[in-house]
Amino acid sequence: MIVVYADHDLGILDPLSLQAVTAAKALDADVQVLVVGADGRSTADELGAHGATVVHLAVHDALTDYTPLAAARAAQQLVTELSPQAVISAGTPRGNEVLAHLGALLDAPMSADTVSITLSASGDHEVVRNRWGGNLLETAIVHAPVLLATIAPHTVTAVESPESVTMREFTPALDPIDTAVRVIDRTGGGGGGIGLADARVIVSGGRGVGSAEGFESLDQLAELLGGAVGCSRVVTSAGWRPHSEQVGQTGTKVAPDLYIACGISGATQHIAGCRSAKTIIAINTDKDAPIMGFAHYAVIGDLHSVMPALVEATRAAKG
Amino acid sequence: MNIAVCVKRVPLSGGRWVLNADSTDIDTESSFLGFTLSPHEECAAEAAVQLVEANGGSSTVISLGVAESAEQIRDLLAVGIDRGVVVETDGTEWDPQATAAALTEQVRAGVPDAGAFDLVLLGTEAADTADYQVGIRMAHALGWPVVTNVKGLTISDGVARCERAVGSHREVYEVALPAVITVKDGINIPRYPSVPGRIKARKKPIDTVAGEHPAPRLEKVRLELPEVEERSATVLGTGADAVPALVDVFRQIGVI
Ligand SMILES: Cc1cc2nc3c(=O)[nH]c(=O)nc-3n(C[C@H](O)[C@H](O)[C@H](O)COP(=O)(O)OP(=O)(O)OC[C@H]3O[C@@H](n4cnc5c(N)ncnc54)[C@H](O)[C@@H]3O)c2cc1C
Ligand SMILES: Nc1ncnc2c1ncn2[C@@H]1O[C@H](COP(=O)(O)O)[C@@H](O)[C@H]1O
């Protein structure tokens with residue numbers, strides 16, 4: 001039996017949690033899901049449709065919003081009660097956080113960003129996991145009776161596998177310390193424009209753009225194509241663009257239909273964020289830049305002459 | 001306020017990684033451009049420097065790794081960190097549990113003549129292994145609260161207000177110090193070392209202690225390069241002459 005910790009926000013299930021359920025189903029037919037917080041009740045049908053046999057809903061007066069340590073405490077209680085072979089979660093910020101807490105509570109190892117799992121009755125489980133944002137794969141042995149692992153996003157496709165799911169409500173035993181760190185407020189949100197993560201077209205600039213002003217033609221092209229502007233870390237470090245636009249291993253991971261890389265060399269840490277783009281176009285003065293090994297199309301030349309002309313031509317083509 | 005910052009020396013690659021003959025590690029001889037730190041950790045160090053500038057106190061960088069980790073510490077001393085500690089290993093990789101235990105021991109030791117640490121800052125995940133857990137394990141060992149993925153941080157009256165970016169909004173957390181906080185790239189823009197900063201850094205202390213390596217429980221067996229589609233870009237042309245061909249591509253893929 002496998003326990004999956006489901007990541008939800010105010011009752012909205014993170015779709016990556018369904019991928020985690022599918023990954024767990026591949027290991028064992030009996031997949032029981034932990035959902036923390038009364039507002040998570042609404043996730044049961046979707047979890048059942050993907051193969052959960054039991055949804056354990058942890059309800060407690062102190063659980064008003066996401067509370068990482070309390071979630072791990074609830075998972076620890078299920079581990080004691082059910083003796084699962086593994087506890088699995090999506091490799092989301094919350095999934096990684098709750099499983100790391102659980103690892104600390106159980107004094108057990110935890111494998112993050114895992115792409116494959118082979119369970120072993122002896123407790124020497126084999127995993128393959130990402131390193132360097134997926135630029136390298138590591139095969140590792142996890143020495144532990146219960147495997148704790150988070151699943152790398154999008155390495156599994158969630159499939160439906162309907163079960164008649166039972167809902168079981170329980171009240172985890174929590175100390176005040178377990179709920180000391182929790183979401184106490186939410187700010188921001190809204191914000192105009194198209195978000196990087198959802199944009200179909202991204203016009204992205206690197207060191208070659210040269211200055212904040214140099215982004216003018218990138219902004220114009222993004223607007224014409226109904227897309228968003230992205231950038232490399234060199235650009236955010238120079239303060240030319242805000243960090244929310246950074247693409248890469250420590251920025252946002254994107255998967256647009258079109259990614260235009262202007263004056264970006266194609267360092268592995270940048271590619272980690274844009275390799276899922278359907279089409280990549282590079283505009284670069286250096287025909288041997290590493291980006292040429294990832295791009296589908298390239299223009300060799302100075303972006304400062306290519307981009308303004310491209311803006312004009314695109315405007316004309318749109319009529 | 002005494003702040004500890006934990007950072008890890010990692011190899012930097014340009015275009016591609018190359019593995020050693022038995023695929024147990026990166027071949028740093030043939031594929032690397034030097035060594036560096038994760039941007040998350042550079043931001044953690046910058047946050048420590050800013051907090052000490054604003055509130056007084058001291059900052060210490062702790063790194064578990066080979067003796068040469070002192071190079072990365074020296075770079076951070078040059079941007080305003082006060083002292084460094086290397087927990088020296090023989091170059092074999094330590095798993096997150098062993099790493100957290102050794103770093104915790106250094107945090108417990110405090111700052112010579114200045115007392116206990118009030119705050120430990122780390123990256124949310126390491127650049128190479130991305131285990132997402134060393135900070136959380138340290139917090140459990142210390143009995144301190146921990147907030148992770150932090151992209152906005154202010155401290156007043158011994159309480160840290162932390163913001164975490166989630167989609168288009170931000171979640172707010174508050175914790176009383178002492179605490180562990182793991183930060184993300186973008187929380188600030190790390191400053192570059194100045195020449196006077198580099199000169200001052202030469203006189204700042206870096207202590208070395210020996211690490212005792214326990215048996216790994218997350219045990220690396222081998223590395224491999226994922227299969228990637230080998231591509232070589234179709235060159236549409238040179239300079240602005242290539243613009244008509246670019247517009248054709250826009251049409252073909254349906255973005256105009
Ligand atoms: C752990 C880690 C995480 C990282 N995370 C990220 C991340 O999330 N995102 C990220 O981007 N980086 C990240 N980096 C940094 C990364 O390693 C590179 O340093 C960075 O991506 C390089 O940015 P760049 O391509 O803009 O600059 P450069 O590498 O300097 O490349 C500039 C390019 O512009 C070209 N060029 C120059 N002038 C012109 C011109 N006039 N017209 C056309 N082309 C021109 C040059 O030929 C060159 O190819 C990370 C590094 C580490 C160690
Ligand atoms: N060897 C190390 N020395 C110092 N700090 C480390 C080390 N390994 C990890 N850390 C810190 O812990 C954070 C999270 O690492 P990890 O849990 O391995 O992804 C990193 O960003 C560093 O701040």
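Everything quoted here is computed from the prediction, not taken from an experiment.

Draft legend 1. Just the pattern of salt bridges, in detail. Across all of its chains, the model carries 33 salt bridges over all chains by this definition. Salt-bridge contacts for A:E138 lead to A:R131; the nearest nitrogen and oxygen are separated by 3.0 Å. Accessibility classification places A:E138 together with A:R131 in one group, the buried group. One network of salt bridges, in which partners are shared, links A:D9, A:D65, A:R94, A:E97, A:R186, B:R164 and B:E171.

Draft legend 2. Expanded view of the state of the cysteines. Residues and elements named next belong to chain A. The tally for this structure, following the rule as stated, stands at 0 disulfides over all chains. Left without a disulfide partner, C231 is nearest to the cysteine sulfur of C262, which lies 12 Å away. In this structure C274 is a free cysteine whose sulfur lies 12 Å from that of C231, the closest cysteine sulfur available. A relative accessible area of 0% places C274 in the buried class.

Draft legend 3. Broad picture of the nonpolar core. In terms of nonpolar packing, the biggest core is built from 91 residues, with A:L34, B:V5, B:V120, B:L121 and B:L153 touching the most fellow members. Excluding residues within four positions of it along the chain, B:L153 makes contact with B:L51, B:L121, B:A160, B:R161, B:C162, B:I181 and B:I187. Counting 32 residues, the second largest nonpolar core, distinct from the first, contains A:A52, A:A86, A:I88 and A:A140.

Draft legend 4. Structural context of the side chain of A:T139. Mapped onto the fold, A:T139 is located in strand β9 (residues 136-143). With residues up to four places along the chain from it excluded, the contact list for A:T139 reads A:E126, A:V127, A:V128, B:E219, B:K220, B:V221, B:R222 and B:E224.

Definitions and limits used
- Residues numbered from 1 in each chain as written.
- Chains lettered and ligands numbered in written order.
- Predicted model: local features only at pLDDT ≥ 70, side-chain atom pairs only at ≥ 80, totals over all residues.
- Heavy atoms only, no water.
- Salt bridge = Lys/Arg side-chain N within 4 Å of Asp/Glu carboxyl O.
- Buried < 20%, exposed > 50% of the residue type's maximum accessible area, 1.4 Å probe, protein only.
- Disulfide = S-S within 2.5 Å.
- Core = buried A, V, L, I, M, F, W, Y, C linked by side-chain atoms within 4.5 Å.
- Contact = heavy atoms within 4.5 Å.
- Helix = DSSP H or I, 4+ residues; strand = E, 2+ residues; numbered from the N terminus.

By themselves, these figures tell us nothing about what the structure is for.
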